[in-house]
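Architecture at a glance
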Amino acid sequence: MTAPEGPRQPTVEPTRPGWVALAVVLGGGACALLMTALVRFGLSLPRVEPVAWLSVGLLAGGVGYLAVVTRRLVRDRRADLDAKSALYRLLLGKTSILAGAGLGAAYVVLVAFSLPGWPAPFAQGRVVHGGVAAVLCAVWAVAGWRLERACRIPDDPDDGESDDEASGDTRPDHEEGGGPALR
């Protein structure tokens, strides 16, 4: 049986909202179970320091920057991004969407559990730093979504002429270790 002739179809679908909702439910639910167990056993809630939101902010910034660079590469100079790199960037985008949504939900639950103890300094730190981390997790998820969208291959404007000929690229499709060119 041979593959059908015609335009290539994408093999990886965009992240569905249902998967994002599942990540939110799992992240928030796991954190709620943990916080409930800590309160039930009389233990204190974990401290949240600035490193919580600094690390997420760095991830969000890095993924956002990669989304901008990838969008330029795919839209303007398609042949400059090999298939393996494009796949890794796509997977990073998908992972960032789900991890940002799940971790953000966990921080929201932590903040909700910390609000009743507001006058205490540790509770204030949990609320403030956890809130900032939750917002940056949402930014990270959006950056992942932008990276995933940047990896989409635009439709060919002219099907009669090959992409390589239209862009002036005369490199062979299979460079050393690079795999086929992104189409």
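Residues numbered from 1 in each chain as written. Predicted model: local features only at pLDDT ≥ 70, side-chain atom pairs only at ≥ 80, totals over all residues. Heavy atoms only, no water.

Of the regular secondary structure elements, the chain holds 5 helices and 0 strands. Listing the helices and strands of the chain from first to last along the sequence gives α-α-α-α-α. Counting only residues that meet the buried cut, the chain has 33% of its 183 residues in that class. Excluding contacts between residues fewer than 6 apart, the proportion of contacts in the chain whose partners are at least 24 apart in sequence is 79%. Looking at the chain as shown, the accessible area adds up to about 11,800 Å², and 64% of this sits on carbon and sulfur atoms. (Helix = DSSP H or I, 4+ residues; strand = E, 2+ residues; numbered from the N terminus. Buried < 20%, exposed > 50% of the residue type's maximum accessible area, 1.4 Å probe, protein only. Contact = heavy atoms within 4.5 Å. Areas by Shrake-Rupley, 256 points an atom, 1.4 Å probe, with all protein chains shown as cover.)

Turning to the packing of helix α2 (residues 50-76) against helix α3 (residues 83-114), a few remarks are in order. Where α2 meets α3, the axes come as close as 11 Å, and the angle between the chain directions of the two elements is 150°. With respect to α3, the element α2 is oriented roughly antiparallel. Helix-helix and strand crossings are classified by hand; for α2 and α3 the assignment is left-handed. Taking contact as the criterion, the partners of Ala52, Val56, Val63, Leu66, Val69, Thr70 and Leu73 in α2 are, on α3, Arg89, Leu92, Ser96, Leu103 and Tyr107. (Axes fitted to C-alpha atoms, helices over the stretch in contact; angles between N-to-C directions. Parallel < 35°, antiparallel > 145°, perpendicular 65-115°, else oblique. Left-handed = near helix turned anticlockwise from the far one by under 90°.)

Moving on to the packing of helix α1 (residues 17-40) against α3. At a minimum axis distance of 7 Å, the contact between α1 and α3 shows a crossing angle of 35°. The way α1 lies across α3 gives a crossing that is right-handed. Facing α1, whose interface residues are Trp19, Val20, Ala23, Val24, Gly27, Gly28, Cys31, Ala32, Met35, Thr36 and Val39, α3 presents Ile97, Leu98, Ala101, Gly102, Ala105, Ala106, Val109, Leu110 and Phe113. Residues of the contact of α1 with α3, tallied by class, amount to 16 nonpolar, 4 polar and no charged. (Nonpolar A, V, L, I, M, F, W, Y, C, P; charged D, E, K, R; others polar.)

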